[in-house]
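Single-letter residue listing:
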Amino acid sequence: MSNDDLLKKAVCEEYRREIEALPSTEELEEMIVVSPEFHKKMENLFKKHKRKTWLCRLGKNIAVFLILAACSFLLLCILNEDIRATCLQWVRTMTSNGMTDYNAVPSDKINESIAGFTLEYIPEGYVLKSANMRETDGHAAYFKGEKRLDFFYMASQDSSLSVDNDNYTFSQIELENGIICDFYKGQASNNVDTLIWRNKGYTCTLSTSGINEEEIIRIANGVKAVIP
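Definitions and cut-offs
- Residues numbered from 1 in each chain as written.
- Predicted model: local features only at pLDDT ≥ 70, side-chain atom pairs only at ≥ 80, totals over all residues.
- Heavy atoms only, no water.
- Patch = residues over 30% accessible without salt bridge, like charges linked within 9 Å, V, L, I, M, F, W, Y side chains within 5 Å.
- Areas by Shrake-Rupley, 256 points an atom, 1.4 Å probe, with all protein chains shown as cover.
- Salt bridge = Lys/Arg side-chain N within 4 Å of Asp/Glu carboxyl O.
- Helix = DSSP H or I, 4+ residues; strand = E, 2+ residues; numbered from the N terminus.
- Buried < 20%, exposed > 50% of the residue type's maximum accessible area, 1.4 Å probe, protein only.
- Polar contact = N/O pair within 3.5 Å; in protein donor to acceptor, adjacent residues only side chain to side chain.
- Phe/Tyr/Trp six-rings, centres within 6.5 Å; stacked < 30°, edge-to-face > 60°.
- Lys NZ or Arg CZ within 6 Å of the ring centre and 35° of its normal.
- Disulfide = S-S within 2.5 Å.
- Core = buried A, V, L, I, M, F, W, Y, C linked by side-chain atoms within 4.5 Å.
- Contact = heavy atoms within 4.5 Å.
- Pairing = 2+ DSSP bridges.

**Observations regarding a nonpolar patch on the surface**
Together, Trp 54, Leu 55, Leu 58, Ile 62, Phe 65 and Leu 66 make up a nonpolar patch on the protein surface, roughly 630 Å² of accessible area in all. Structurally, Trp 54 can be placed in helix H3 (residues 36-79).

See the structure below:
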């Protein structure tokens with residue numbers, strides 16, 4: 001027998017003796033006994049890990065949703081001038097006194113009575129954003145992007161108001177009901193056009209920006225007094 005064979009035989013016999021010296025599976029189970037407390041601690045660790053993983057996943061999902069919602073809202077504000085104007089008016093309303101936010105008013109409820117008056121015609125796209133209405137005076141504001149329409153009324157004996165004639169041209173317009181209005185048209189493109197008239201003991205004022213004269217007259221013709 002060669003030296004290599006003798007060496008191989010000796011290694012195999014040593015390996016067999018080592019294996020035989022190891023305890024059997026039954027003996028290992030008897031030697032290693034895990035207490036119930038250990039099992040309980042391990043279960044708690046698994047539960048904590050599972051809860052932590054679930055909370056992390058939930059937090060990521062919420063963060064993604066909020067980011068998408070914020071980006072979508074900002075995109076709408078950039079692209080849609082009505083939404084942008086609504087947001088700006090909401091900020092103004094939150095920081096002013098005596099104003100009521102009308103952003104949630106349904107479109108079929110916009111032209112309801114305004115303290116003794118009804119606005120039967122409002123140009124398309126204009127939305128009622130705020131109003132401050134009392135018995136003796138009041139105000140309603142409509143917006144369409146950067147354009148706005150304001151209707152004021154005030155109980156008074158005359159219709160004299162202070163208007164800067166240097167920047168406006170004055171004329172008089174007769175409405176469908178025969179009422180004569182004072183019309184102050186801004187000479188510059190960024191000036192506000194103002195129409196003033198008397199109705200049932202009230203001075204009514206219609207101020208607009210970005211609306212042509214024909215539409216202004218149509219709006220004024222749609223202002224109806226419901227005061228007895």
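**A few points about the pattern of salt bridges**
One pass over the structure, following the stated rule, counts 2 salt bridges. For Lys 185, the salt bridge identified is with Asp 193, shortest N-O distance 3.8 Å. Owing to a relative accessible area of 33%, Lys 185 belongs among the partly exposed residues under this scheme.

**Description of the environment of Asn 221**
Among the structural elements, Asn 221 can be located in helix H5 (residues 213-221). Sequence spacing of Asn 221 and Asn 177 is 44 residues, and the spatial spacing of their C-alpha atoms is 7.8 Å. Reaching out from Asn 221, the side chain makes a polar contact with the backbone nitrogen of Glu 176 at a distance of 2.9 Å.

**Remarks on the packing of aromatic side chains**
The description of an aromatic ring pair uses the distance of the two centres, along with the angle that the planes make with each other. Within this structure, the stated rule accounts for 3 aromatic pairs. What links up through ring pairs into an aromatic cluster is the set Phe 151, Tyr 153 and Tyr 202. Looking at Arg 218, its charged tip hangs above the ring of Tyr 121, at a distance of 3.9 Å from the centre.

**Focus: the state of the cysteines**
With the rule as written, the count across this model stands at 0 disulfides. Free of any disulfide, Cys 181 has its nearest neighbouring cysteine sulfur in Cys 204, separated by 8.9 Å.

**Comments concerning the nonpolar core**
Formed by 27 residues in total, the largest nonpolar core has its most connected members in Phe 117, Tyr 142, Leu 149, Phe 151, Leu 195, Trp 197 and Leu 206. Mapped by element, the contributors of at least two residues to this core are strand S2 (117-119), strand S3 (127-133), strand S4 (137-144), strand S5 (147-155), strand S7 (180-186), strand S8 (193-199), strand S9 (202-209) and H5. Aside from chain neighbours lying at most four places away, what touches Trp 197 is Phe 151, Leu 175, Ile 179, Ile 180, Cys 181, Tyr 202, Thr 203, Cys 204, Leu 206, Ala 220 and Val 223.

**A closer look at the pairing of S8**
The element S8 is largely enclosed, with a buried count of 6 among its 7 residues. Sheet topology places S7 next to S8; 3 bridges connect them, and they run antiparallel. Bridged to Phe 183 within S8 is Leu 195. Note that S8 and S9 share 7 bridges and pair antiparallel. Across the sheet, the residue bridging to Thr 194 is Ser 207, located in S9.

**A look at H5**
All of the buried residues along H5 are Ile 216, Ile 219, Ala 220 and Asn 221. Put simply, Asn 212 is the residue that caps the front of H5, since its side-chain oxygen is 3.3 Å from the backbone nitrogen of Glu 214.

**Some remarks on the pairing of S3**
As paired elements, S3 and S4 share 6 bridges and run antiparallel to each other. Residue Ala 131 lies in a different strand from S4, and its bridge partner there is Ala 140.

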